[in-house]
Amino acid sequence: MAAHHAQMTLKEFCPLYYLYSSIPGKIQKGFRSIVVYLTALDVSSDYIAVGSSIGMLYLYCRQIGQMNKYSLEGKMETITTVRLLSCFDDLVAVGTASGRVAIFQLVSPLPGRNKQLRRFDVVGLHKSTVTALAWSANGMKLFSGDDKGKIVYSAVDLDQGTCVPRLLLEETSAIVQLEYSQKMLLVSSNQRSLLFYTQDETLHLIGTKPRKSNGKFGACFHPALCKQSDMLVYAARPGLRLWRADIEGVVQDTHLLKELFGQEIPYFELFPHSGPIGGYRPPERQLGILRSFMKEDWVLSWNEYSIYLLDCLSQVIIGGLDSCGDIVSVSCTENEIFILKGDRDIIRISNQPEGLHSHCKTLLMCHCTVLCKSLRHLDVSQKYLFNTDIRLGKSVAVQSHTPCSRSSSITSCDSALGLAAVSEQSTSDLSSSRYTTITQEDLQQELVIKAIKVKRKTKRRRPGKLDHNTENGNYSEAITPDVDSLLECTFSYIKAAADGDRSEVLDAPSLDPHLDVSDSKTVESRDPMISSTIELLPQFRYPVEPELSVSSDDDDIYGHAVARSSSICFSCGTVLSSSLQLAESWMGYSGPGCGILSLVVTDRYIWCLDFKGGLYCSALPNDGIRWQKFEDNVQQVAVSQSGSLLWKVEQKTNKAFACGKVSIKGKRHWYEAHTQTAFVALSDDSAWIICTNGDLYLQTGLSGDRPCARAVKVDCPCPFAQITARGSVVWALSEQGTVFYREGLSSFCAEGEQWKYDTVSERQGLKPVCISLGCQHTVWALDNNGNLWFRSGITAKKPQGEDKYWWQCYQKFDIIIFQTLIQATQSVATATKAPVERVADRLRVAFWPQQPHCQFNLVSANNNGIWIASSRNDIHVAKGNLIGTYWKNVVPRGTASTTKWAFVFSSAASTKEGSFLWLGQNKKDLLCLWDQDAQLHPSTVQLPAEIEMVQLSACRDALWGIDSQGRIHIRTLSPSCPTGIHWTLLDLSQLGNVRLVSFSCGNQNVWACDENGIIYFRVGTQPLNSSMMLPAWICIEPPEQPVGMHLISVHTSPNDRMLWAIDSRGNIHVRTGISEEMPVGTDWEHIPGLQASHLALSVRTVWVQCPNGEVARRYGITDKNPAGDYWKKIPGLISKLTVTPEDELWAISVTSSLIRRLTKPFQNNISKSKTSLGSMGCEDLEDEWEVI
C-alpha cells in the first residue's frame, strides 16, 4: 500500500505565476488606491474562477490561457463563494457578502448553444453573507445557503432566459456546505448535517446523536456510480470522526481518525515560497468541509487551519498541510487540489505538472478516436475541404481565442477534424520527438478551423452507372456553398479578425507597414478588412515594451494598464459581447441576427435588421435587451420616433408595407403602402419614400390608425440613397454621399419648399455613409471610415443648424463590411473549389436580394442616447457626454495660406492673458503671436546670427534655445518687450564635457537632459552675469532602464509641478514626488499604454503625440497622483503638437499647416439630469458609452 501511494505523490510543481500576473494587486478608484484581496476559489478542468474583495470575478480559461473579468453591478462587495459547472453550457455562480447571487452563462463554441454572455441575479432572499453554492448536473437548479441558515433554490431556464428563486429551507445556524445529486440536497450547517429530498421536500437527519460542539463540519456524497437508493454520504464530526451513512441518514460506519493523526503526517511537498507557510495552530485538529477526490474512497477535508487527504478504505492519510491559519478556499478537479491562502496566494497540488504536455496523450487519443469514426463517413471532396480550410484558417483566423468550454476541449467536431487534417498531412514524418518539443506557448497559438458544410448536386443514377465528375475526381461542379454555412463562415471570420486585431496591436513588436499579410500566420492590424477596428494602441514604429501590463479584462478605467477588453456590467437576461475599452466607458453588445444591416431606435424599442432579412425587436427596459423575431424577408425597416408608425420594405418585391397599431406580440396586419421602394424614413406623421428609380414621394397625415396614405411626388436635385426625418426637419444623402436638407417644412407645409446643398459637408470633405436626426436638435453621421460626427442647432426654421463645422467624436466604429465580404467570398470559393462568381451570387442572394437598392442604416438616436451598429454585429450606445473636435486651419496675418510651418510651441504671455505661440518655417527663423489677438498678427524674433537652433523652449520671462553644438542661448522677455531684445550665451562650465540635447522651461525652474540620458535641474530661468554666483545644475538620476535605453527628452509644466520624459524606445516616464518643498521630486514611474514622439504639458495635464501622428490626453493627474489614470485619444493626425497653459491645443498638420483644436460638448438629456457642469471645462466632459 505504501508503494502504491508513493506512485501517487502529490506536490506543488510550480507557482501559478500566470494567474498572479493576470489579477491586479491594486486598482485605482478616483483618488483612492484599493488593494485587491482574493476571497473565493473554484476550479474545473477548463476554468479557474477567483472571487475578489472588489466584486470582480476573475475567470481564467485554462485551454487558451486567457483571463476574463466579470463585474457585479452596484457597489463593490466581496465575493464570498464561487461555483463552476460544465454541462451543455458553462455556468458560473457567485455569492457575495451582502447576500447577492449572480449566475453567468458563458459563451459556448458548440453549434446551437449560447453565443453571448448572459447574467442572472438572485436578489432579495438572502439578507446576509452567502456561504455555499451547489449546482445540479444539468445546470437547471442552483442552491445557495447563507450564514443565517437560509437555503434558496433557483430554477434556471437558459433557453427561456429566466431564473426564478424561492426559499427552500431555513436552518437555525450558518450553512457550511451544500451538495446536490439525484434529487437529494446534502446540507451541512454549524449544528447538523441532513439530506433534503427536493421532489417531495422531506428531510432526513444524518445520524441520531447531536454534535458535542458546533463548527464548520461538512459532508459530501460518495462518488460511486449507483442508483439513488445505494448512495452513501460522508459526514465530518468533531473529534476527528468521520461518519459514513446511507440516504436515510442511518450511520453505517464511524471512522475514528485520532490514531492516524497521532502518527507523523506526510505533508504535501510545496514549492519554496517567499512568505511563511505556517501560521497559528489550533489546540486540536479537526475535520472540516469535505470533498471526494481522485478515488472513490479518498476524501479531502479542509478548514482554515489545515488540509488533509484521507483514504477511508485503507485508513491512511495520503497527505496534508497543517498549522496554516490562513486558508480561504479549497477546490479540486479530477487530480488537482487548488488552495487559496492568505490575501492572494494560490497553490496547485497534483500528481503531475500543470500544462498541456501531460494532457496531450489523452487529448490526441480522444481526437484520433473521433477522427477515425469521422473519416470513414467522409468522401474525398470533404477531406480535401477540411485540409483547405485549415490552410485558410492560418491566414485569417489564428489567435482568435474563442471562449473555451469543457465540451469543446474534447468533443468538439471542429477540433477533431482540424487535428485530423494536420496529422493527415504529416503522417509520414511523425515521431515521438514531434510531441515532446511542443510547449504550452506553442499550443496556445490556436487555429480556428471551420468545417464548411456543402450541398452536393446529386442526380438520380441508374444502377451500375457512375457520375463522370466523380469518376474523374473533379468535384468543383458538385460542390455548392450552403448559404447558412457561408454566413457562419463570414461572421466567424469577422470575429476572428477582430480578436486577432485586439491581441496583435497590444502584443506585436514593430511591424513593417508594407508587410504582406496574405501568408502570415497572425492576423495583423494592417489587414485591410480590420483596418477600421477600434484601436487599443496606435501602431508604433517603436517595439512595444515586453513588460507592458496587459489584461483581457476590463480593469477599471483608472488603472495604469491599458485594458484589452472591457468590463461586463449588465442585468438579468442581458445579451452581451466583450468589447474593447480605451479610457472611455463605452461598451457594446451583440446584435440578434447575422450582422446588422439597419438599426432604428425609438423612445421605447430598438429594431435591428440583419443581412438575412430577419427583423428583430426588443423593448428598452432598465434590466436589459431581450430580442424577439418580428418578421422575415425584410430589406429595410423604418419606425417613427414615437413608435406609432412601422414600415418595412419586402425583399424581392421591393414593396413597402405599413403596420397599424404596432405590437410586439400578437397578430399584425400589414397594408401595402408603396411599390418599387428602396428606402423609407418616417416622422411621427409622414413618410418619405425613395423609389428604386430614384424618384422621391411623400405621404402625410399618418397615424397609428392610418399608417399609410396617398403618395405625392416631391422634386429632388439628384437620386437619393438615404433620407431621415424628425419633426419638421428632413435631411437626405445622395448616392454619391452628398448631403442635402429641406427648407420650408412646418406643421402647415409638410412637403417643404426646396432642397439645399450642405456647404459645411463640402467644405470639410465629409462623405457620410448614413445620417440620422437626433434629439436636442442634432444630426449624426457616420463616414466610410467609421468616424462619428454631429451638428447641433437643427430646427425647422434653421434646418442646416447653427454650427459651422461637423464635430468629430472620439470613438471610431467598424462599419467596413464590404471588404470583409469580398475577402470571405474569395476564401470560401477557394475552400470549396467553387467558382468565385457562384459564391458571390449565393452571398448576394443571402444578403441583398436587390443589392443596388439596399442601404446601411447604422446610426440612430433617441432621448436615451446615440446608438451605433458596427459591421461585427455589435451595437454601441452613448448615454452620457460626448465631445466634438474640429481642427481649424489658422493663417497668421501677413502669411500665405500655403505657408509650410516646421514647428510650434507655446508659453504663458508676459503681461497679458492668454498665451504666446512661437512658430517657424525652419530652424533659422522664429515668429511670435498672441493667441488672444483676433488678427493673429505675428512678430518676428531675430535668432542668433549664423546659428542653427535645434530646440527652443519658452516660459513667461525667458526664451531658451540650444544650438547644434550644444550651447544654450537665453532671451529675456519682459512686459515692456514681450519678445525680448537680445540673446545671452549661458555659461555651462559647471557641466564640463556634458552635452545637453533637450531642455524644458517651467515657471522658475529649468530641466535638461544630456546625450547619455542624465537629467539636470536648475533653479532660475535668467542668465546671471559672471560676477555673481551662477545657479547650480543639480544632477538627477534617470530611471532604471535596460542596457541601450536612455532618456532623450524632458518636458515640464508651466507651473513647475510636473516633469515627464521620453526614452529612446518611445516609452514615457513621469517624475513623482515633486512639490514646493521638493522641486526635484523623489522617483521615476513608467507610464504604460502608449509610446510617444513628443509630449506637451499644460498646467493640469499631459498631451502625447504618438509616432503615427495620433494625439491622446492623460486624465486623472493630481498632485497626489502625478502619473494620472488613463489615456484618451482624440481625433486628428498631426506632425507637431503644443498646448497652452489653459489646455488649448495647437499643432502643425500633416500638410504643414498651422491648426487649432476647437471643441463642442454634447450633453445628453440623461447626463444633464445627473450632472451639473458648474465650472467644468469642455475637456472634462468625458464620453460615456454604456452597455445595455
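The written sequence of each chain sets the order in which its residues are numbered from 1. Thresholds applied to this predicted model are a pLDDT of at least 70 for local features of residues and 80 or more for the giving and counting of side-chain atom pairs; totals over whole chains, interfaces and linings are not thresholded and use all residues. Just so you know, side-chain values use all the structure's heavy atoms and leave hydrogens and water out.

**Q** So what exactly am I meant to see when it comes to the overall build of the protein chain here?
**A** Of the regular secondary structure elements, the protein chain holds 15 helices and 81 strands. Residue contacts are counted whenever heavy atoms from the two residues lie within 4.5 Å of one another. In the protein chain, once contacts between residues fewer than 6 apart in sequence are set aside, the share between residues at least 24 apart is 54%. The accessible surface values rely on the Shrake-Rupley method and a 1.4 Å probe; as for residues, cover is taken only from the protein chains in view. In the form shown here, the protein chain has an accessible surface area of approximately 50,400 Å², with 50% of it arising from carbon and sulfur atoms. Secondary structure elements follow DSSP: runs of H or I of four or more residues count as helices, runs of E of two or more count as strands, with numbering from the N terminus.

**Q** How should I be thinking about the pattern of salt bridges in this particular structure?
**A** A side chain with one charge may pair with a side chain of the opposite charge, provided their charged atoms come close. Definition used for salt bridges: Asp or Glu carboxyl oxygen within 4 Å of a side-chain nitrogen of Lys or Arg. For the structure on display, the rule yields 24 salt bridges. Here arginine 166 and glutamate 201 are joined by a salt bridge, their closest N and O atoms 2.8 Å apart. Of this pair, arginine 166 sits in strand β14 (residues 162-170) while glutamate 201 sits in the loop between β17 (193-197) and β18 (202-205), placing them 35 residues apart in sequence. Arginine 166 gets classed as partly exposed once you look at its relative accessible area, which sits at 37%. Classification of glutamate 201 as partly exposed rests on a relative accessible area of 41%. The salt bridge partner of lysine 648 is glutamate 631, with a shortest N-O separation of 3.3 Å. Within this pair, whereas lysine 648 is found in strand β40 (residues 646-650), its partner glutamate 631 is found in strand β38 (residues 628-631), the two being separated by 17 residues in sequence. Classification of residues uses two cut-offs on accessible area relative to the type maximum, computed with a 1.4 Å probe and protein chains only: under 20% is buried, over 50% is exposed, and between them is partly exposed. Residue classification places lysine 648 among the buried residues on the basis of a relative accessible area of 7%. In this structure, a network of salt bridges that share partners links the residues Arg62, Glu336, Arg348 and Glu354.

**Q** Would you explain the environment of asparagine 633 in this entry?
**A** In this structure, asparagine 633 sits in the loop between β38 and β39 (634-639). The class of asparagine 633 is partly exposed, set by a relative accessible area of 47%. Those residues in contact with asparagine 633 that lie beyond four places of it in its chain are Gly613, Val649, Glu650 and Gln651.

**Q** Where do I start with the pairing of strand β72 (residues 1059-1063) in this structure?
**A** In summary, the side chains of a regular strand alternate between the two faces of the sheet. Summarising burial for β72: 5 of the 5 residues are buried, a large majority. Going residue by residue along β72, you find Leu1059, Ala1061 and Asp1063 tucked away on one face and Trp1060 and Ile1062 tucked away on the opposite face as well. Judged from the 5 bridges that link them, strand β71 (residues 1047-1052) and β72 form a sheet pairing that is antiparallel. In the strand pairing of β72, serine 1049 is matched with isoleucine 1062. DSSP bridges decide pairing: two strands pair if at least two such bridges lie between them.

**Q** Would you explain the packing of aromatic side chains in this entry?
**A** Any pair of aromatic rings gets described here by the distance separating the centres and the angle formed by the planes. Two rings from Phe, Tyr or Trp (for Trp, the six-membered ring) form a pair when their centres sit within 6.5 Å of each other. Planes less than 30 degrees apart are called stacked, planes more than 60 degrees apart edge-to-face, and all others tilted. Scanning all chains against the criterion turns up 26 aromatic pairs. Ring centres of phenylalanine 720 and tryptophan 755 lie 5.0 Å apart, and the angle between their planes is 75°; on these two criteria the pair is classed as edge-to-face. Of this pair, phenylalanine 720 sits in strand β47 (residues 720-726) while tryptophan 755 sits in strand β50 (residues 754-757), and the two are 35 residues apart along the sequence. A single burial state applies to phenylalanine 720 and to tryptophan 755, both of which are buried. Every member of this aromatic cluster is reached through a ring pair, and the members are Trp688, Phe720, Phe740, Trp755 and Tyr757. Lysine and arginine charges are scored as sitting over a ring when NZ or CZ, respectively, is within 6 Å of the ring centre and within 35 degrees of the ring normal. Positioned over the ring face of tryptophan 670 is lysine 648, at 4.5 Å from the centre of the ring.

**Q** Could you clarify how one ought to interpret unusual backbone geometry in this entry?
**A** The general pattern is negative phi for most residues beyond glycine and trans for most peptide bonds. Positive phi outside glycine occurs at glutamine 676, with the angle close to 50°. Looking at the secondary structure, you find glutamine 676 in the loop between β42 (670-674) and β43 (677-682). Overall, the relative accessible area of 42% leaves glutamine 676 in the partly exposed class. With phi around 60°, histidine 777 is a residue other than glycine that occupies positive phi space. Examined against the element boundaries, histidine 777 turns out to sit in the loop between β51 (768-774) and β52 (778-783).

**Q** Hey, could you run me through the nonpolar core in this one?
**A** For soluble globular proteins, nonpolar side chains are generally found buried alongside one another. Leu599, Ile606, Trp607, Trp780, Trp867 and Ile875 are the most contacted members of the largest nonpolar core, which has 49 residues in total. Looking at which element gives the most residues to this core, the answer is strand β35 (residues 596-601), with 5 residues. Each residue touching leucine 599, except ones within four places of it in the same chain, is listed here: Ile606, Trp607, Cys608, Asn857, Leu858, Val859, Ser860, Trp867, Ile868, Ala869 and Ile875. What we call a nonpolar core is a set of buried Ala, Val, Leu, Ile, Met, Phe, Trp, Tyr and Cys residues that are connected through their side-chain atoms within 4.5 Å. Phe268, Trp302, Leu321 and Cys332 belong to the second-largest nonpolar core, a separate cluster that totals 20 residues.

**Q** For this particular structure, what's the right way to read the sheet that holds strand β23 (residues 289-292)?
**A** The pairing of strands in a sheet comes from backbone hydrogen bonds and takes either a parallel or an antiparallel form. Spatial ordering of the open sheet is given by β23-β24-β25-β26, a layout of 4 strands whose pairing is antiparallel. Strands at the two margins of the open sheet, each flanked by one partner only, are β23 and β26 (316-321). The average undirected angle you get between the axes of adjacent strands in this sheet is 20°. Pairing analysis gives 5 bridges linking strand β24 (residues 298-302) to strand β25 (residues 307-311), with the strands arranged antiparallel. Comment: axis = line fitted to C-alpha atoms, over the contacting stretch for helices; angle = value between 0 and 180 degrees taken between N-to-C directions.

**Q** Just to check I follow, could you spell out the confidence of the model for the protein chain for this structure?
**A** Low-pLDDT stretches of the model should not have their predicted coordinates read in fine detail. Averaged over all residues, the pLDDT of the protein chain is 76; the fraction at 70 or higher stands at 72%. Scored from 0 to 100, pLDDT records how confident the predictor is in each individual residue. Predicted confidence for residues 498-584 stays below pLDDT 50, and this span has 265 contacts to residues more than four positions away or in other chains. Low pLDDT, under 50, characterises residues 845-852; the stretch is placed with 21 contacts to residues that sit more than four places away or in other chains.

**Q** Looking at this structure, I do not really get the side chain of aspartate 963. What am I missing?
**A** Structurally, the position occupied by aspartate 963 is in strand β64 (residues 958-963). For this analysis, a polar contact is any N or O atom pair within 3.5 Å, provided that within protein one partner can donate a hydrogen and the other can accept it, and provided that sequence-adjacent residues contribute only side-chain to side-chain pairs. Here the side chain of aspartate 963 touches glycine 966 through a polar contact of 3.0 Å, landing on its backbone nitrogen. A polar atom in the side chain of aspartate 963 sits 3.0 Å from the side chain of histidine 969. Setting aside anything within four residues of it in sequence, one finds aspartate 963 in contact with Ile947, Glu948, Met949, Val950 and His969.

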